[in-house]
Each structure stands twice: as C-alpha cells, then as structure tokens.
Amino acid sequence: MIYPLAGLIFGALFGAFRAKARGGKTADLLQWGAAFAMIFGVVGLFVLIFIERSYY
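Residues numbered from 1 in each chain as written. Predicted model: local features only at pLDDT ≥ 70, side-chain atom pairs only at ≥ 80, totals over all residues. Heavy atoms only, no water.

Let us look at the overall build of the chain. A count of helices and strands for the chain gives two helices and zero strands. The C-alpha radius of gyration of the chain comes to 13 Å, more than 25% above the 10 Å expected for a compact globule of 56 residues. Along the first, second and third principal axes, the C-alpha atoms of the chain reach 45 × 15 × 10 Å. When each of the 56 residues of the chain is scored for burial, the buried share is 21%. Of the roughly 4500 Å² of accessible surface on the chain, a fraction of 75% belongs to carbon and sulfur atoms. (Helix = DSSP H or I, 4+ residues; strand = E, 2+ residues; numbered from the N terminus. Rg over C-alpha atoms; globule rule 2.2 N^0.38 Å. Buried < 20%, exposed > 50% of the residue type's maximum accessible area, 1.4 Å probe, protein only. Areas by Shrake-Rupley, 256 points an atom, 1.4 Å probe, with all protein chains shown as cover.)

Next up, the structure:
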C-alpha cells in the first residue's frame, strides 16, 4: 500500500519543483503537482499489483 502513496507524494513534489523551475505561479505549481501526483500514483499502483501477484 505504500507504493501508490509514495508515488503521490513524490509526484506532487516533483511536479511542483518542475513548475517552479519553469517560472510558474501558484496555480501552475498546483496543476503540475496534481498531474504528476496522479501519474506517479498510478505507476505506484501498478508496481504494487505486480509485486503482490508475483509473490502469490
């Protein structure tokens, strides 16, 4: 259960830093953070499913 949560947190931070590096305002930071959080959360979910299915 930790992989999707870690993906959400890491994605939000990564997206916000990326928007800040490009000179984005607060709304840009929130939008990029949300988009990357969703992407990394889904990737973390697939990693979790793969790990769970490979051990049973």
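The geometry of helix 1 (residues 2–21) relative to helix 2 (residues 26–54) is characterised by a closest axis approach of 6 Å and an angle of 150° between their N-to-C directions. Considered as vectors, helix 1 and helix 2 are oriented roughly antiparallel to each other. The element helix 1 and its partner helix 2 pack so that their crossing is right-handed. Classifying every residue of the contact of helix 1 with helix 2 gives 18 nonpolar, six polar and three charged. (Axes fitted to C-alpha atoms, helices over the stretch in contact; angles between N-to-C directions. Parallel < 35°, antiparallel > 145°, perpendicular 65-115°, else oblique. Left-handed = near helix turned anticlockwise from the far one by under 90°. Nonpolar A, V, L, I, M, F, W, Y, C, P; charged D, E, K, R; others polar.)

Because an α-helix packs 3.6 residues into every turn, residues spaced three or four apart end up facing the same way. Between its first and last C-alpha, helix 2 extends 42 Å over 29 residues, near the 42 Å set by a 1.5 Å rise per residue. Residues of helix 2 that are buried include every one of Gly33, Phe36, Ala37, Gly41, Gly44 and Leu48, and no others. Check the buried side of helix 2 and you find it contacts helix 1. (Expected span 1.5 Å × (residues − 1). Contact = heavy atoms within 4.5 Å.)

Let us now look at helix 1. An ideal rise of 1.5 Å per residue puts 28 Å on 20 residues; helix 1 measures up with 28 Å between its terminal C-alpha atoms. Gly23, located one to two residues past helix 1, shows a positive phi value of around 85°.

Remember, this is a structural readout, not a statement about activity or role.
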